[in-house]
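Observations on the model geometry
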Amino acid sequence: MFRKKQKVIYLCDLCASAVKKSFALFAFGIILLSPCLSAKADGNPVNQRIERLSAGVRRHQLDNGLACIIKEDFSAPLVSIQIWVGAGSAQEGDLLGGGLSHLIEHMIFKGTARRKPADISREIDDAGGTINAYTSIDRTVFWVVMPSESWRTGLDVLADAVLNASFPENEWRREKEVVRREMAMGNDDPGRALSKLLFQTAYHAHPYRFPVIGLEPVFNTLTRDDLVAFFRRHYTPDNMIVAVAGNIAADEVRAEIENLFSGAGRRTRPPAAQGAEPIQAGQRTARKTGKYNIARLACAWHTVNLSHPDAPALDVLAVIAGGGKSSRLERQIKENKKIAFNIAAWSWTPKDPGLFGINADFDPAKEEELLKAIEEEVAGWRANTFTAAEVEKARNKIAADTFLAFQTVGGQADTFASGEFYAGTPLYFDIYLKRLDAVTPAALKEAAGKYLVENNRTIAVLSPVITNAAAEKSETEIKAEINIVKKTFPNGLTFLAREDNRLPFVHICAASLGGLLLENEQNSGITCLTAEMLTRGTALRSRDQISAAAENTGGALAPFSGMNACGLQARCFAKDVELFMDILADCFLRPDFPDAEINKCKAVQIAGIEQQRESPMFLAQEAMRRALFAGHPYRLNAEGTPESVTALAREDLRGLHKIIAAGGNTVIAVFGDISAEKAEKLAEKYFGEMPAGPRQDRPTPGDVATGTRSGKKIDLAAPREQTIILAGLPGLALVDGRMDALNIILQALNGLSSDLMIRVRDQKGLAYYTGAYQRAGLAGGLMAVYSGTRVEEAERVRAMIATEINRIGEKGIRAGEFERARLQIVMKGRQKQQDNGALARECALNELYGLGYNHGIETEKRLAELTPADVRKTAAEILCAEKMVVVTVKPEK
């Protein structure tokens, strides 16, 4: 599908300026952001909506070849600006495999003739914006999201960076070391390791065989001259696209683009040497063993490029085969045969022929059985015809994901730029949709028979080392008001509603107090397991019926759980809202907890816990929790331990559900394309008979065990390449009035322009990433500063963190830091308010916690009244380096 290209695979997508935290279970998690069904009938409201969303897109080409795309959208005071450069890892010529394009991405932000290093990110931050970039196989993209009143700043900064990068001599050497830390981080990620193994096996001649970040031996040979030559060859206007979407005046934006880019001329650029991949003549296999806790497998077949007529059929096949809980692979292999913890299918069709694949996480002992089951499934696709209902389900899912892309200005800019980049038109989805409409069950069978054959298959396996034992509203006027209706039902249930007709979706969130405060060492992980079981069967519906009913209509239904609460969240087209309210209420109020499903979920949850323990950051966080929350439930992992999860029984889950799923302990939010009156009637119809029950008592803030309150060092070792430094202090409870001030402090410690990032990464080149976070509960919390570095630099980085903590604790933050952090938080709040699903969940949880549903919405107002003195006072009360618990996780010798 046209919008998912290149960003499907870890191997092909690297962010140069932030740590990417992925919660996906697969190395190739497909993101189905393709367009919805094309209009066969003018009266189709879905098709009319997509036409309105794409109306008004303006495309203009400058004399020097630059393509600019502009879309006005006044739904929020935000603007997204993206610059796409047709230069990725496949265009590196004689230096293929060196990661040159990715290193260039890092260096673009390292200064120009007008701006010194760090000025670029600081100028964006000072304006309240967000800046970032990523490198892919065939492109590098630089983007900002800004308050609409600051769009000129965002465009000027990006234009200056991509046209006038200066590559300071003292910066590029330091940045090479930062990339080496990024390589180490990638080596510690099993998903990236599997991706790398698959691609270097599936491709023998084509540049796609190389990881975007490069191979370290080749990377080490790169010189500044290589960077400058690549930049001059590829970073030219005729190789760029500028896409702008948001609350702007299109004519003004076009004029400013011409002003900033017209002075740059074309330059000769020889075509990239693309080695054509020979037809695969036989199955290829590859295996890598390591200190992994579970096994991972990827099967892939060579297919086609984006413009090939078979691409839509392969996309539909991927959805039917492995695109949700009701998909064929999920039902047959994960649920029925229970031989995979997770399984999914994906189709990747870039500019040159791509791959169709299946990924699975599994018990190493079941590898042979899993491979056989996959072979049988694929053989069935080749031999039997798919049903019209399956094709329609896939189309519904694609349509839903298309609308979701238009939810944010960033999604719109990305959609239009993708069409321009891959097909020469920002409205490429019209062409794609016509082909998608032509896909039939017979076409899927034909595609499977043509491509998914044994001689064309590559299998890559990542497995644990086999040991002997194993052989066994705000300062800026917002045009779209956020009006929320609140009502309390007789059974104590709190109801929230927001009408927003921009998109044809309704989002429902039902949340109940629960989480760690109800857990102990013996039942640790019970909230997570109970939440997962909510969609695994009721007295009226089986697991398969629940997932099929949701997915067949293009909707989604999923549980969530965490430190303080759990619940269910759903998204559906407005026309299906009553069906979804019925299903969600049935799951939330009347789960059956079948033993067979409990056992399946236990296996998956335990596998997830084992995966967590592969991460050195998780090991550090676990040690930190145990030190700061000794004797308190907050020391526990929300997913539990293998032992505690194994011991949980059906009656344990039923008992917890009875406690938490009570009217007085629950909030339901219904946001989207529905009137408040209709939403209230549906909520009352399906939740009105919910037992009232008692509300869980909220603990007094600060009601946590003393734990470790004085400086302590904890040293751990893990079979990984990175060294992790994690320095923590007691934080605040969610309801603490000082939370806004603490958020300002945390924001000041984060980002490319933070003092810590500039010193640790930019000036010293000691780490790829560094930042801060908090883990806040109703009774208390912790705050921590982290960094990923080299083992020999661990003590230096720890000392720099301590210095920064003491600086803020003693002096507070500077006026510039304060304003930058305030604007960044405001910006994040505005972005969240674009997404009704995220907003519904935030409002429901804030109401549940006693903060009030509008707590997040009113953040701008509170921050406008907050002063640097307030922040300085909070910093003095919390920050003291001598009291920090410092956890260091080093590579095993």
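Described below are features of the structure shown in this document. Within every chain, residues take consecutive numbers counted from 1 along the sequence as written. For a predicted model such as this one, the threshold for reporting local features is a pLDDT of at least 70, and the threshold for listing and counting side-chain atom pairs is 80 or more; totals across whole chains, interfaces and linings nevertheless cover every residue. Computation of side-chain values: all heavy atoms of the structure, hydrogens and water removed.

A few points about the overall build of the protein
We count it as follows: Secondary structure counts use DSSP, requiring at least four H or I residues in a row for a helix and at least two E residues in a row for a strand, with both numbered from the N terminus. The globule rule used for comparison is 2.2 Å times the number of residues to the exponent 0.38, while the radius of gyration itself is calculated over C-alpha atoms. Type-normalised accessible area, obtained with a 1.4 Å probe on protein chains alone, sets the label of each residue: buried when under 20%, exposed when over 50%, and partly exposed for intermediate values. In these tables, accessible area is a Shrake-Rupley quantity obtained with a 1.4 Å probe, and a residue counts as shielded only by the protein chains included in the view. Only four residue types enter the tally: Lys and Arg on the positive side, Asp and Glu on the negative side, with His and both chain ends excluded. We put the charge of a Lys on NZ, of an Arg on CZ, of an Asp on CG and of a Glu on CD.
Assigned secondary structure in the protein consists of 31 helices and 23 strands. Here the protein has a C-alpha radius of gyration of 26 Å; the compact-globule value for 893 residues is 29 Å, and the two agree. For the protein, the spread of C-alpha atoms along the principal axes amounts to about 75 × 70 × 65 Å. Within the protein, buried positions represent 63% of all 893 residues. Surface exposure of the protein reaches about 32100 Å², of which carbon and sulfur atoms provide 50%. For the protein, the distance from the average position of its 111 positive side-chain charges to the average position of its 110 negative side-chain charges is 2 Å.

Re the nonpolar core
Test applied: Put simply, buried Ala, Val, Leu, Ile, Met, Phe, Trp, Tyr and Cys residues joined by side-chain atoms within 4.5 Å make one nonpolar core. The criterion used for residue contact is that any of the two residues' heavy atoms lie within 4.5 Å.
Ile744, Leu879 and Val887 are the most contacted members of the largest nonpolar core, which totals 92 residues. Ranked by residues supplied to this core, first place goes to helix α21 (residues 616-628) with eight residues. Here Ile744 is in contact with Ile813, Phe818, Ala821, Arg822, Ile825, Leu863, Leu866 and Val871, once residues within four sequence places are set aside.

A closer look at helix α3 (residues 119-126)
For the record, the criterion: Starting at the helix axis, one direction is taken to each C-beta atom, and the arc is that of these directions.
Along α3, the residues that are buried comprise Ile120, Ser121, Ile124 and Asp125. Buried residues in α3, looked at end-on, bunch into an arc of 125°, giving them a common side. Downstream of α3 by one or two residues, Gly128 has phi in the positive range, about 85°.

A word on the environment of Asn501
Short version of the rule: What qualifies as a polar contact is a pair of N or O atoms within 3.5 Å, subject to a donor-acceptor requirement within protein and to the restriction that residues adjacent in sequence count only when both atoms come from side chains.
Mapped onto the elements, Asn501 comes out in the loop between β14 (494-499) and β15 (505-513). The exposure class of Asn501 is partly exposed, given its relative accessible area of 44%. Taking the C-alpha atoms as reference points, Asn501 and Thr530, 29 residues apart in sequence, are found 34 Å from one another. In this structure the side chain of Asn501 is engaged in a polar contact, spanning 2.7 Å, whose partner is the side chain of Asp673.

Some points on unusual backbone geometry
The residue Ala118 is not glycine, and still its phi comes out positive at about 80°. Within the secondary structure layout, Ala118 lies in the loop between α2 (100-108) and α3. Judged by its relative accessible area of 11%, Ala118 is buried. Phi at Phe167 is positive, roughly 50°, even though this residue is not glycine. Assignment of secondary structure puts Phe167 in the loop between α4 (151-164) and α5 (169-187).

Topic: the pattern of salt bridges
Oppositely charged side chains can pair when the atoms bearing their charge come close. To keep it simple, the criterion reads: We count a salt bridge whenever a side-chain nitrogen from Lys or Arg sits within 4 Å of a carboxyl oxygen from Asp or Glu.
Under the criterion given, the structure shown has 67 salt bridges. Of the charged contacts in the structure, one is a salt bridge between Arg254 and Glu258, with a shortest N-O distance of 3.4 Å. Taken together, the residues Arg254 and Glu258, both in helix α9 (residues 250-261) and four residues apart, mark about one turn of the helix. For Arg254, a relative accessible area of 36% puts it in the partly exposed group. Residue Glu258 is classed as partly exposed on the basis of its relative accessible area of 28%. One network of salt bridges, in which partners are shared, links Glu177, Arg180, Arg181, Arg790, Glu792, Glu793 and Arg796.

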